[in-house]
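# An overview of the molecular structure
The chain contents come next:
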Amino acid sequence: RRPKGCLGVSSSRATADSRAMSKEAIVFVIDVSQSMGVPTPGGDRTRLAEAVEGINLLIQSKMLQSKQHEVGVVLCGTEGTSNELAVAGQYDHITVLAQLDRPSMALTTALETEAVPSEASSDIIDGLVIGVLMLSQRTMNKKYLRSVYLVTAAENRIESVGDMDSIIDQLHKLEASLFVVGINFSMTSARQARGRAVLAAGDASKESVELGDMEIADAPADKDETVKEGNEKMLASVVEAAGKGAVLSGEDLVELFTQLQCRSVRATKNKTVLCIGSQQLDVLVFSRSKRTTAASLKKERKTYYDPADPKSAGVKMDRAYRNPKNPEVEVMSESLVKGYRYGTAYVPISEEHSLAMKIESERATLTLVNFTRRTAIQHRHFLGETKCVIPAEDSARSWEGLGALVHAMEQTDRAALVRYVARKNSDPQLCALFPDTSSSYPRFLLQQLPFEEDLRGFTFPSFEAAPAARQPSAEQVSAMMAVVDTMEINGKDFRPEALYNPVMQRLRKTILARVQDEAAPLPDIDPRVRAYMEQSPAVQRNAASALESVHQLFKFTKVEKTTGRKRKHFWSDVVAEGAASEAHDAGSGATDGNGLGPSGTSPAQPPPPPPAPTTVGSVKPIEDFLAMLLQVDRVEDAVRSMTKRIREFVTEGANPAYYRKALGCLETLRKGCLGNSESDAFNKFLEDTVKREYSQGPHANFWDRVVERKVTLISNEEDCAVDVSAEQADQFIRQEEAIEDAAPTQKAEPAEASDDDLFDDIE
Amino acid sequence: PTPPSTSVPEGDQGALDMGDWGEGAAFSDDENAGEEEQEQTQDHVICLVDCQRAMFQPCGDEELSCFRMTSEIIENLLKKKIFESDKNKIGVVLFGSRLKSESSPQGHVFVLLPLETPSAQGIKQMQELSRLGEGQDPDAPSFLADSVFGGPMDDAEACPLRHGIWRCNQIFASTGVSMKSSRRIWLFTNEDEPLAPHPEEVEAVETAAKDAAENGVMIELFHMEPLEGGDGTAATPPATLFDVSKFYHKLLCVDMDEDFLEDRVHGARSLEELETRVRKKSHMKRSLAKLPFILSEGSQAKGEEHEDPSQQDATTPGAIAAASSPPTAVAVPPRVEFQVQLVITTAPTKITSIMLDGASNEQVKTQSRMLCETTGEYLDDLDVKTYMEVGGRNDRAYLSKAELKHLNAWGDPGVTVLGFLPLSWLQPWYNVRSPYFLYPDESSMKGSVVAAAALLKAMVAKRRLAVARLVRNTASAPHLVALVPQEELIDEEDGSQVDPPGFNVIVLPYADDLRDVPLGSGVLAPEAAEEDSSRDRRRAAARRLVTAISLDMVNSAEHGIHNPVLQKQYAMLQALALGEEAPSWEESVDDNLRPPPEMDCIKESVEAFFSQLPANTKTAPKRRATGAASSGGAPKRPKPTGDGASSRIELDWPRIHSQGLVGKQTVPDLKAFLVARGIGPISNKRKADLIEMVVLALEAESCVV
């Protein structure tokens, strides 16, 4: 249970008030006399059975809405009699099926079995008396929303008309609504023909169904008015006199409670102070839009549950804390410390420091920081739920002050920047306050805005500056305009106020099914929900030709995910490509830019007839090297340049990628030397540099690869000009293997680099 | 008497439950988890800072030197990054220094901070660096000679940019960072032609940059405005702007699918500008999801295949003919979809605390287990079933976690357009969370940019927004969203992008999420209208007040206000980590979420306005006239109506007892029962005792009968 006052003293009272008000007490007075046993037209069920279905739907929806709601049931016209007023033949044939209390699914079952048409008859007004008495005994002087539903066909003569005044008086005292659910009433059928727009808004409609909507069917100046018609008129006048409520039809009842609907949550109003300079105004803040989530699942131990004992089979969560470095030992909660990660370190925070890190405040406040233009406040910067600021109850000062400010800000098109502290000591937020023009009384909307730190400021490529190929043509734009036009929907129907959360709808349905049958299948998504969550066929039909032309004008090709490395583009390349007027090749950007460097053309950008490179570049060293070997006078240069490059790759690159590259070069170098009588140069390089310098120390990894690839000395079997024997060559790398075997295993190299990459450059 | 209830406040049920069951199945949890998961990609940055002599000259509009600005920026970056994932590393390398660090093979390259997770020491080092050389003449040969890096190198030597890039590359390679992570070199300089005197070096630098690119290391340039060469008149503003095309464009690699050229170039003339540029790049641009953008579900929804292109071509003439004939001829539109990416551009920044083992200051892992309340045994999932409670009478609806997940999901991920509406349809209260941003994803589908650009133009021209169903992944709940077109906005002065082109994704509330407090229920109607004159006076005073001060901003993100709590936390934690005494946080200076000094000037307007208001006394305004209860005088207990029942009738106690409802009766009723039977004493008894006495009495009675 939440400890009292943890929301802060200022807000707790307001909270309690508004919550308590949402508790409902509903009494059903159901006529079960013969007239209710008549089958409905076209149906095989009785009127009563149909009415009970509607009532059960209502009870279930109340159960889903809140645990606090209470329901009582009085049956009128039962064979037996069971009620507290039944004395000496008074209030006969009236049974109190359920006292006003929290309903359970058992009640709905009881209704189905107990509420059956009987031969007996009783005065429905007597039933109403019992019902109202039940309501008043239970709820008088407590905070409830009260209502009485009288379900009847009104075909039995009503005798105790004299009781009407006291019933009405009582209803007034209780501020209760009276709903007469008329079965086969002439007036409600007339109204049905007019449509039931007033009922569409679900629960809220109960208040809004106004009496003006009722029409007592113009009874033709007929003298032989039936009992039923008389009763109908009488009941309508009772409803009218009661002041709150309506006459509904049986169909209305069913429809009302099979409506898509949501849990009605009353807004919690928090007392807050609006500070302007040194002055203050008392205001209330409530959430206007706030994400509602499903309650979380509770746990029970299988087979241990005893329905008679709600506390049985309880499961609680036990939390243990463990230090990953010493997982055997549980860290006791008293030795836990709050802390923050700070880079690689952790900074423990004492209670005192923790408080010092907060910005303290005395109470919930809204502090004016500045005014600005309303148009500067943009929807795309709203960070969270929407709140409303309204005048404090009972404060004329607050009402008038807020009223004048709202008016002035509306007139001058201003918004205010405020510092909003929602509760005592909570973190201040930056919010915008602007007039809520949708309201019938003065109030502000409050929206959280981002701080500087909250903006990520991402940039994305411009559409306007995109290459011509990625610019839409005028034709394409007008095709899209046609789509925008033809796919227009009606904003009066498509409003969040009328669109229920599909997940919550389905969950409610599931819960109702499961509470009765543990194995009930999960229901499908309601077609009425699908209707607004999916593209409507009407919209599609309307836009068909526009969409067809979009389909024709735009070409989309799916990009298959390539595993290979993408070619890199450099800005200088793009600039050069862009300047298409110059008939220069792609490489010109580089050479033009820096004039004639002594090292000549860059090997990185081979022009179509590739001039022979003079050095081995680092981008495509193997290609360069092989190209240089083709020119007899450059062989020595090529070898020297290549060895230099390899050294650079190993020592300066010093990572697996460079080692791979160097190894590729080394192998190419070996082949090149062998084929160009430079074997001694290769052997010397391999021995003096590669082995001596790299086999130990930071680049041992590279040497391991050399050994792995068996790149050894050129032996006299391959080139008779050298005096290295095959055994020596073999030994040259063998020694290392022996050592390596003894050494701890090397770290595996990253998996994503495949050996194929090695030769990407050559291809 | 309080109502008999186990009063759990309605709205708080969810919150309470979540407190009890941390891993409860509230839907919203799943979503947030998803968002964080996506942000796990590692991001490593090496700041490669020019420290040649020119960098010690004042930059653009600032008095600070370019070097000082850069150091401050890096310090702030470290301060921010230090709270983020400890997997993201930052390093700082100077080039053009007199000394070289021991690990550098080449001269004039100095590794100031090795590539590692930011640390308090690193921040301190950057702080010291930014204070270097204050008041000294940067042109003096011995300038900063005693600093760690020995000050700027001799001007005559070739700029060692090549070695700098090589070194960064090598650091990335040798620090063991994953090849998959993002690796970037941020190059800070104010010299657009560093190699003008040594053209032979240009090619080498280029090669180094290309090698970096080949290894997946990206170079981004942050340049400050250069000084005019040679003549040393630092006071005169630079006549020429930093020209990227002179040299640096050769180093900047672009990914043709993702980026555009200017994105890598970040010019700045002031500390503020440079800070903005850096901030823009300091968050990795990660997409939360890559999704199809479905303009028309088309025939696929009806089960037909429309995908085969050859079939398409065959039907094309017919389709065009149909399009030109009355629209009824085309019954089913084709499927039209392209690819988009969803990103978060704005979200509240928070640093979250963790739990440490007090003995070792190491982070602890939480392990939760289920415990049977009756036997105290530990249970596993198989021993437990889950349910939701319905109503107040302990009815249980059994539902497994997997089923709940299934109910939550909608189906295939995507953004499906449901229709278009005027921009004015979007009400300011249609907001429940921070927005997303949507941009075409050309890398998944060619043609997406063209389509998105055309759609944007069309929507802007028609002043329309789109409403759509957003399903982020196969497990996530469907949301209705408004797609609000956003045209690109370019800063006129420096040509940088202020707003990118694309669509803002406003998540709409459902009817379930909307509440209201209408006039009459909890809100009081105003008292009888006062005479107009006093209302007019109030309004006039309010008008003077609301126009007295104004913050001029283009949009709601441009206010320059920092989060005071975050700033305070940064300062506190830094002080604690470095063992410093007091943090440097000063409320009056560092908390800029408070009224500015100008507020003093409007004191008079405030007082004038408030003096017009009625006094702050509680009045009792009239309630709205709806069948108001007549308070007072009403009898506590209603008289039952009907002629047969003139006095209070006793409750049917045996029946109440048989229904087990004794406990539900009110205390006065219970007392009345006992008094009537002469059972006592009843004073000072708790309700439970009274109930027990009544039950005993009733049981005794039923036995007698």
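Above this text you will find the structure in question.
Residues numbered from 1 in each chain as written. Chains lettered and ligands numbered in written order. Predicted model: local features only at pLDDT ≥ 70, side-chain atom pairs only at ≥ 80, totals over all residues. Heavy atoms only, no water.

Secondary structure assignment for chain B yields 17 helices and 23 strands. When burial is assessed residue by residue, chain B has 52% of its 705 residues classed as buried. Within chain B, residue pairs in contact and separated by at least 24 positions form 71% of the contacts whose partners lie at least 6 positions apart. For chain B, the accessible area works out to roughly 31300 Å², and carbon and sulfur atoms hold 51% of it. (Helix = DSSP H or I, 4+ residues; strand = E, 2+ residues; numbered from the N terminus. Buried < 20%, exposed > 50% of the residue type's maximum accessible area, 1.4 Å probe, protein only. Contact = heavy atoms within 4.5 Å. Areas by Shrake-Rupley, 256 points an atom, 1.4 Å probe, with all protein chains shown as cover.)

Another aspect to go through is the nonpolar core. Phe293(B) and Phe420(B) are the most contacted members of the largest nonpolar core, which totals 103 residues. For Phe293(B), the contacting residues outside a window of four places in its chain are Val336(B), Glu337(B), Phe338(B), Val340(B), Val415(B), Val417(B), Leu438(B), Leu455(B) and Leu483(B). Counting residues in hydrophobic clusters, the runner-up holds 69 residues, among them Phe625(A), Val639(A), Ile714(A) and Ile46(B). (Core = buried A, V, L, I, M, F, W, Y, C linked by side-chain atoms within 4.5 Å.)

When their charged atoms lie close together, side chains carrying opposite charge are able to pair. Tallied over the entire structure, the rule returns 49 salt bridges over all chains. Note that Glu155(A) is salt-bridged to Arg47(A), the shortest N-O span being 3.2 Å. Placement of Glu155(A) in the loop between strand S4 (145-152) and helix H5 (164-174) and of Arg47(A) in helix H2 (residues 47-65) is noted, with a sequence separation of 108 residues between them. Given the relative accessible area of 32%, Glu155(A) is considered partly exposed. With its nearest N and O atoms 3.8 Å apart, the salt bridge here joins Glu297(B) to Arg469(B). Of the two residues, Glu297(B) sits in the loop between strand S8 (289-296) and helix H8 (309-324) while Arg469(B) sits in strand S19 (residues 464-471), which places them 172 residues apart along the sequence. Each member of the pair, Glu297(B) as well as Arg469(B), carries the same accessibility label: buried. (Salt bridge = Lys/Arg side-chain N within 4 Å of Asp/Glu carboxyl O.)

This part takes up the sheet that holds strand S8 (residues 279-289) of chain A. All names here are of chain A. Spatially, S7-S8-S15-S18-S17-S16-S14 is the arrangement adopted by the seven strands of the closed barrel, whose pairing is mixed. Strand after strand, the sheet turns through a mean of 40 degrees between neighbouring axes, direction not considered. Where strand S7 (residues 270-276) and strand S14 (residues 365-373) come together, three bridges link them in parallel fashion. Its bridge partner being in S14, Val273 is matched across the sheet by Thr365. Sitting on the sheet, helix H11 (residues 396-412) is in contact with S7, S8, S14, strand S15 (386-391), strand S16 (414-421), strand S17 (429-435) and strand S18 (444-448), with an inclination near 70 degrees to S8. (Pairing = 2+ DSSP bridges. Axes fitted to C-alpha atoms, helices over the stretch in contact; angles between N-to-C directions.)

Before going further, it helps to examine the environment of Leu573(B). Its location among the elements puts Leu573(B) in helix H12 (residues 564-578). For the pair Leu573(B) and Phe83(B), spaced 490 residues apart in sequence, the C-alpha to C-alpha distance is 9.9 Å. Beyond its immediate chain neighbours, meaning those up to four positions away, Leu573(B) contacts Tyr340(A), Tyr342(A), Val347(A), Ile349(A), Met357(A), Phe83(B) and Ile351(B).

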